[in-house]
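Below, each chain spelled out in residue letters.
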Number of protein chains: 2
Amino acid sequence: MVLSVSLPHGPGYMIHFASLDDAPGILAREGLRKGRCIVVTDTNVAARLKQPLCDALRSRGWTPKAVVLPPGEATKSQDSLQIINDAALGWGIDRETPIIALGGGVIGDLAGFAAATLLRGLPLVQVPTTLIAQVDSAIGGKTGINHVVGKNLIGAFHQPRTVITDFAALTTLPERQWTSGLAEVVKHALIADPTLFELLERDWPSIVDRHEATISDIVPRAAKVKARIVSLDEKETGRRAILNFGHTFGHAIEREAGYGYFTHGEAIALGMRAALHQSSLVHADEDFDRADRLVRRIPAPKLPSHIRRSRLMAAMRSDKKVRAGKLRLVLLRRLGEAYVTTDVPARGIEAAWRYVGVKR
Amino acid sequence: MVLSVSLPHGPGYMIHFASLDDAPGILAREGLRKGRCIVVTDTNVAARLKQPLCDALRSRGWTPKAVVLPPGEATKSQDSLQIINDAALGWGIDRETPIIALGGGVIGDLAGFAAATLLRGLPLVQVPTTLIAQVDSAIGGKTGINHVVGKNLIGAFHQPRTVITDFAALTTLPERQWTSGLAEVVKHALIADPTLFELLERDWPSIVDRHEATISDIVPRAAKVKARIVSLDEKETGRRAILNFGHTFGHAIEREAGYGYFTHGEAIALGMRAALHQSSLVHADEDFDRADRLVRRIPAPKLPSHIRRSRLMAAMRSDKKVRAGKLRLVLLRRLGEAYVTTDVPARGIEAAWRYVGVKR
């Protein structure tokens, strides 16, 4: 199965739903020249998938070099970038040497940024191994690293040459990564795909249990939402911002709770509940309650008791998406229809935070 | 006077030949929103031009913050980039905060790369203050920093929103920077503008003396060559490579002599003489000798006695422009007509190095 991402400028690319064993064939079809390649991954993923991928590549004439980093958000740093750069440049690469990002969002963003900036741009192959990466972060060309001031503050748009999505990688994910990853699937349903929403409502138990047939239904459908939106707006000058539904709230809570307390998906789930509540203050749609019920099925730890509304509201104002001092929020007009607005009264934001249980 | 750079994708931009005092008016016309801006410069340039530019900006409602770095190639580093990033993010910027690069090639490349990667891309205003920057490096969107393995190995393409070129900045340049900067002007004449070549031959003495009328003749004409080539090939996938005429030889000699011994322009002048000689081994054109005579008018220090052909040839092979192990060179078919070739016999390269006085 293949999904294509078209782009307003440039040639676009394919998402191949395939086994990692097929990677060499896919690289050949995508016009990549056999030779050296750099595989960037983390120790968790490496234990399961580095060997199979590298063996497949070697057996077809590639010479892979693996750069294996610690797992977790802290790896999305200048130091890790330097490790990749030193390894690549010290080994010897040229402008056709691909960078293969084997992992979740952290590895995809980091290796993607290395590919964006090594020799002013190398071919990038995304091989997403988490649910969030398969339906969201590996598609669309956003790459970057964190800065002490905030997440994703340094980066570039660099579209992959191709994406190879292997569902088998999902079956060995830790439970919490799986369930919290469902937040981004739900998000895509809420902002743009009412049919996906109904599938999620109906099949939730078998999704949580990772039934193979359900995965191969849900993942490409959620990935397609992302692909379609990126096609309309490659560099987030307009439409693409709806993908941030729940994120301005979610980033604030992720930061205030202390990175690592919530997974990204859990924070986004909370953020979506806040954004849904705010939407329900502005628009009349009975489905907002249905949506809230679906989001609540994503398990999450309790809100830490130290979290206060005033701190969250300050954190929201320092978000990267603020322009000219104006907070921009994504709201739903109705299920499946999102929009961006700067017309957001503080009272509405407060009510949203109160709704999800944050104290004054 | 205004020169426009069109681009295959995206809106293109203008080069304004104007006084720094006019900067605020130009920024307004270019649609930049008054507010904070970051001025990146070096101590040499700052002494002459930081105050006038920042005063002009302040008087028209901007709030500039200056980041002043040491002069010289060593500043094109990850450490300097970090200084700019920390200053910008610590101060507080949003996606419309412009980065203003006030300086020569080092500052333009470095500040340009910061603009390319801060918040995944900020508006960049190039204010080139050296001859090389005005006719070459400030135009075309190549940005980047050096790596211990080699120069410009980490970077991005990021086109400026606009370029403000003030001839007055050239009158206070140190003598050696001025004369060696003429190398890039000569290069543009050799690869694409025979009329410019004749102007240079005819007016050389008044060019060296920086007569105002000659400067305002020569600089826009040389800038136009660069603008035209960039318009054809924004990301150096083809035609644009002819701008590297003399550079594969030049980079090798710059490195082997030890960075700082030759200026970039002096090394490129030597490199162009080598490339002209190699061209003359392949094509019959009497003007190659005329061209060599013009290049020799650029003063340069003696070749260091430790330099050897074998080392230079190894250095050429590690150049960033090598693809699939193939050395790519730019040669002239005749005056004003350059092309890229991978069909370069080692014997020709050796003869070229011998011609410019390099020992075996």
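What comes next is a walk through the structure. What you see is a predicted model; the values in this text were computed from it and never measured.

In this section: the overall build of chain A. The number of helices and strands found in chain A is 14 helices and eleven strands. By the compact-globule yardstick of 21 Å for 360 residues, chain A fits well, its C-alpha radius of gyration being 20 Å. Once the C-alpha set of chain A is aligned to its principal axes, its extents read approximately 60 × 40 × 40 Å. Looking at chain A as a whole, 62% of its 360 residues qualify as buried. Summing over all exposed atoms, chain A offers an accessible surface of approximately 13700 Å²; the carbon and sulfur share of this is 50%. Once the 48 positive and 37 negative side-chain charges of chain A are each reduced to a mean point, those two points are 5 Å apart.

This brings us to the sheet that holds strand β1 (residues 2-5) of chain B. Residue and element names in this part refer to chain B. Sheet architecture is open: seven strands sit in the order β1-β2-β9-β6-β5-β3-β4, paired in mixed fashion. With one partner strand each, in any of the chains shown, β1 and β4 (63-69) form the two edges of the open sheet. Taking the axes of each pair of neighbouring strands and ignoring which way they run, one obtains an average angle of 20° across the sheet. Here three bridges tie strand β3 (residues 36-42) to strand β5 (residues 99-103), and the two strands are oriented parallel to one another. Residue pairing in the sheet places V39 in a bridge with I100 of β5. This element, helix α9 (residues 212-232), spans β1 and β2 (13-17) of the sheet and lies at about 15° to β1.

What follows concerns the state of the cysteines. Residues and elements named next belong to chain B. In the structure shown here, the tally under the stated rule is zero disulfides over all chains. Among the cysteines around C37, which has no disulfide bond, C54 carries the closest sulfur, lying 7.1 Å off. With a relative accessible area of 4%, C54 lands in the buried category.

Before going further, it helps to spend a moment on the packing of aromatic side chains. Centre distance and the angle of the planes are the two values used to describe a pair of aromatic rings. The final tally for this structure, using the stated rule, is six aromatic pairs over all chains. Relative to B:W353, the ring of B:F249 lies with its centre 5.1 Å away and its plane at 75°, an arrangement referred to as edge-to-face. Of the two residues, B:F249 sits in helix α10 (residues 247-257) while B:W353 sits in helix α14 (residues 346-355), which places them 104 residues apart along the sequence. On the basis of relative accessibility, which here comes to 1%, the residue B:F249 falls in the buried class. On the numbers, 4.9 Å between centres and 85° between planes, the contact of B:Y261 with B:F262 is edge-to-face. Against the face of A:W91 rests A:R36, its NZ or CZ located 4.5 Å from the ring centre.

Listed per partner, the contact involves 35 residues of chain B and 35 residues of chain A. In this structure, the connection of chain B to chain A is made through two salt bridges. Linking chain B with chain A are eleven residue pairs in polar contact (both at pLDDT 80 or more). Breaking the side of chain B that touches chain A down by element, the ones donating at least two residues are α3 (78-91), α4 (105-117), β7 (142-147) and β8 (150-157) of chain B.

All right, on to the packing of helix α7 (residues 175-192) of chain A against helix α9 (residues 212-232) of chain A then. All names here are of chain A. In contact at an axis separation of 10 Å, α7 and α9 are set at 55° when each is read in the N-to-C sense. Regarding the angle of α7 to α9, the classification is oblique. α7 and α9 meet at a crossing whose hand is left-handed. Judged by residue contacts, W178, V185, H188, I191 and A192 of α7 engage I215, I218, A222, V225, K226, R228 and I229 from α9. When the residues that make up the contact of α7 with α9 are grouped by side-chain class, the tally is nine nonpolar, one polar and two charged.

Next up on the list: empty space enclosed by the protein. The gaps left among the atoms become clear once a water-sized probe is rolled over them. Evaluation of the coordinates by the stated rule reveals seven cavities of 30 Å³ or more. Here the largest cavity defines a volume of roughly 80 Å³. A:Q78, A:L81, A:F113, B:L81 and B:F113 are the residues nearest the centre of the largest cavity, which is lined by 13 residues in total. The set of elements that each furnish at least two residues to the lining of the largest cavity consists of α3 (78-91) and α4 (105-117) of chain A together with α3 and α4 of chain B.

Thresholds, definitions, all that
The residue numbering used here restarts from 1 in each chain and proceeds along that chain's sequence as written. Just so you know, chain letters begin at A and ligand numbers begin at 1, following the order they were written in. The predicted nature of this model means local features are confined to residues of pLDDT at least 70 and side-chain atom pairs, given and counted, to a pLDDT of 80 or more, with totals for whole chains, interfaces and linings taken over all residues. Hydrogen atoms and water are omitted, and side-chain values are computed over all heavy atoms in the structure. Numbering of helices and strands starts at the N terminus; helices are DSSP runs of H or I of at least 4 residues and strands are runs of E of at least 2. Using C-alpha atoms as the atom set, the radius of gyration is obtained and then compared with a globule rule of 2.2 Å times the number of residues to the power 0.38. Under the scheme applied here, a residue whose accessible area is under 20% of the maximum for its type counts as buried, over 50% as exposed, and between as partly exposed, the area being computed with a 1.4 Å probe on protein chains only. Accessible surface area values rest on a Shrake-Rupley calculation with a 1.4 Å probe, where residue burial reflects the displayed protein chains alone. Residues scored as charged are limited to Lys and Arg (positive) and Asp and Glu (negative), so that His and the chain ends carry no count. The location of each charge is read from NZ of Lys, CZ of Arg, CG of Asp or CD of Glu. Any two strands are treated as partners once DSSP identifies two or more bridges connecting them. To obtain an axis, a line is fitted to C-alpha atoms, over the contacting stretch when the element is a helix, and the angle between two such axes runs from 0 to 180 degrees between their N-to-C directions. The criterion used for residue contact is that any of the two residues' heavy atoms lie within 4.5 Å. When two cysteine sulfur atoms lie within 2.5 Å, the pair is treated as a disulfide. Only rings of Phe, Tyr and Trp enter the pairing, Trp through its six-membered ring, and a pair is recorded when the two centres are within 6.5 Å. The plane angle decides the type: under 30 degrees is stacked, over 60 is edge-to-face, the rest tilted. A positively charged side chain is recorded as over a ring if its NZ (Lys) or CZ (Arg) lies within 6 Å of the ring centre. The angle to the ring normal must also be within 35 degrees. By convention in these notes, a salt bridge is any Lys or Arg side-chain nitrogen within 4 Å of a carboxyl oxygen on Asp or Glu. We call two N or O atoms a polar contact when they sit within 3.5 Å, provided that within protein one can donate a hydrogen and the other can accept it, with sequence-adjacent residues counted only if both atoms are side-chain atoms. Working definition: roughly parallel below 35 degrees, roughly antiparallel above 145 degrees, roughly perpendicular at 65 to 115 degrees, and oblique for all remaining angles. Throughout, a crossing is termed right-handed when the near helix is turned clockwise from the far one, and left-handed when it is turned anticlockwise from it by less than a right angle. Charged means Asp, Glu, Lys or Arg here, nonpolar means Ala, Val, Leu, Ile, Met, Phe, Trp, Tyr, Cys or Pro, and polar covers whatever is left, Gly included. Cavities and pockets are found on a 1 Å grid laid over the protein atoms alone: a cavity is a set of points where a 1.4 Å probe fits but cannot escape, a pocket is an open set with protein on both sides within 12 Å along at least five of seven lines, and a lining residue has an atom within 4 Å of such a point. Grid points are joined across faces, edges and corners, and a volume is the space filled by probe spheres set on the points.

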